[in-house]
Amino acid sequence: MELHHAFTVPVPADDAWRALLDIEGVAPCLPGAVVESYDGRTVTGSVTVRLGPVTVAYKGTAVFEEQDARARRMVLVASGRETRGQGTARATVTAALREREGATEVAVATDLTVTGRPAQFGRGVLAEVGDRLVGRFADCLALRLAGAAPGKAAPAAAEGTAGSAAESVAGGREAEPLDLLREAGVPLARRAAAAAGAVVAAVLLVAGVRRLRSAGRRAGACQRCRWGRWGR
């Protein structure tokens, strides 16, 4: 499935480019992600996903197939497999940076293939979950960049999002798993409401048809009764 997202960070494109390539630095902004090693091109690590009471851990690698600083375009190919299961995940992520009025717009296109339990959510829910995660990542990244820039205050909106992630890494604790059910709560509720509405509409339609048929039968019987009386 193809997913498209975009976000803006309040720094020039060169700063944003360097920040996005600092994988170990931005890892705390990615829920459930742990970076084990990075040599400038290949990332080795893991991502942990929670599905209600079940926790699914993926272990794998991500390779930068393209890092075009002049065009400000990067392509990352990632693949992983469940540590305790047969599920797999593979993604080709293309990011393009564009500077505008001192800020940087980042457009992200993801070609994602998922098998196993997370695949049950489908494209619509995963797209909405992706929107939320990209928003949280952008807030966290903006906070880190603002903190790195001298004389700049951290954005208030991002403090709650990024603070816990940064504290977790600083304290040496493991990354908190990405809770898909919590992130997908609103989309799933919308789908459930829509499905319930469709069921109610179908029930009402069937009931209406039955009433019309019943009324038609009663009218036909009454008309035959009248004809019988007149025949006498």
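Reading the values: the criteria
Residues numbered from 1 in each chain as written. Predicted model: local features only at pLDDT ≥ 70, side-chain atom pairs only at ≥ 80, totals over all residues. Heavy atoms only, no water. Salt bridge = Lys/Arg side-chain N within 4 Å of Asp/Glu carboxyl O. Helix = DSSP H or I, 4+ residues; strand = E, 2+ residues; numbered from the N terminus. Buried < 20%, exposed > 50% of the residue type's maximum accessible area, 1.4 Å probe, protein only. pLDDT = per-residue confidence, 0-100. Contact = heavy atoms within 4.5 Å. Disulfide = S-S within 2.5 Å.

This structure, assessed with the given rule, holds five salt bridges. Put simply, arginine 72 and aspartate 14 hold a salt bridge, and the shortest N to O gap is 3.3 Å. Remark: aspartate 14 occurs in helix H1 (residues 13-21) and arginine 72 occurs in the loop between strand E4 (54-68) and strand E5 (73-82); sequence separation between them is 58 residues. On the basis of relative accessibility, which here comes to 22%, the residue arginine 72 falls in the partly exposed class. Residue classification places aspartate 14 among the partly exposed residues on the basis of a relative accessible area of 43%. Of the charged contacts, one joins aspartate 15 and arginine 18 as a salt bridge, the two residues approaching to 2.4 Å between their closest N and O atoms. Of the two residues, aspartate 15 and arginine 18 both sit in helix H1, three residues apart, roughly one turn of that helix. With relative accessibility at 30%, the residue aspartate 15 sits in the partly exposed group. Judged by relative accessible area, arginine 18 falls into the exposed class, the value being 52%.

Here the chain shows a mean pLDDT of 74. Residues at 70 or above account for 64%. Below pLDDT 50 for its whole length, residues 150-173 participates in 25 contacts with residues either more than four positions away or in separate chains. A low-confidence stretch, residues 186-201 (pLDDT under 50), is modelled with 11 contacts involving residues beyond four sequence positions or located in other chains.

Time to look at unusual backbone geometry. Peptide bonds are, in most cases, trans, and in most cases residues other than glycine have a negative phi. The backbone of arginine 72 shows a phi angle near 55 degrees, a positive value even though the residue is not glycine. Positive phi values are uncommon outside glycine, yet glutamate 101 reaches one of about 55 degrees. Position of glutamate 101 among the secondary structure elements: in the loop between strand E6 (88-100) and strand E7 (103-114).

Going through the model one piece at a time under the given rule, you end up with one disulfide. Two residues, cysteine 29 and cysteine 140, share a disulfide whose sulfurs are 2.1 Å apart. The chirality of the disulfide connecting cysteine 29 with cysteine 140 is left-handed, given an S-S dihedral of about -70 degrees. Here cysteine 29, found in the loop between helix H2 (23-26) and strand E2 (33-38), pairs with cysteine 140, found in helix H3 (residues 122-148); they are 111 residues apart in sequence, far enough to count as distant. A single burial state applies to cysteine 29 and to cysteine 140, both of which are buried.

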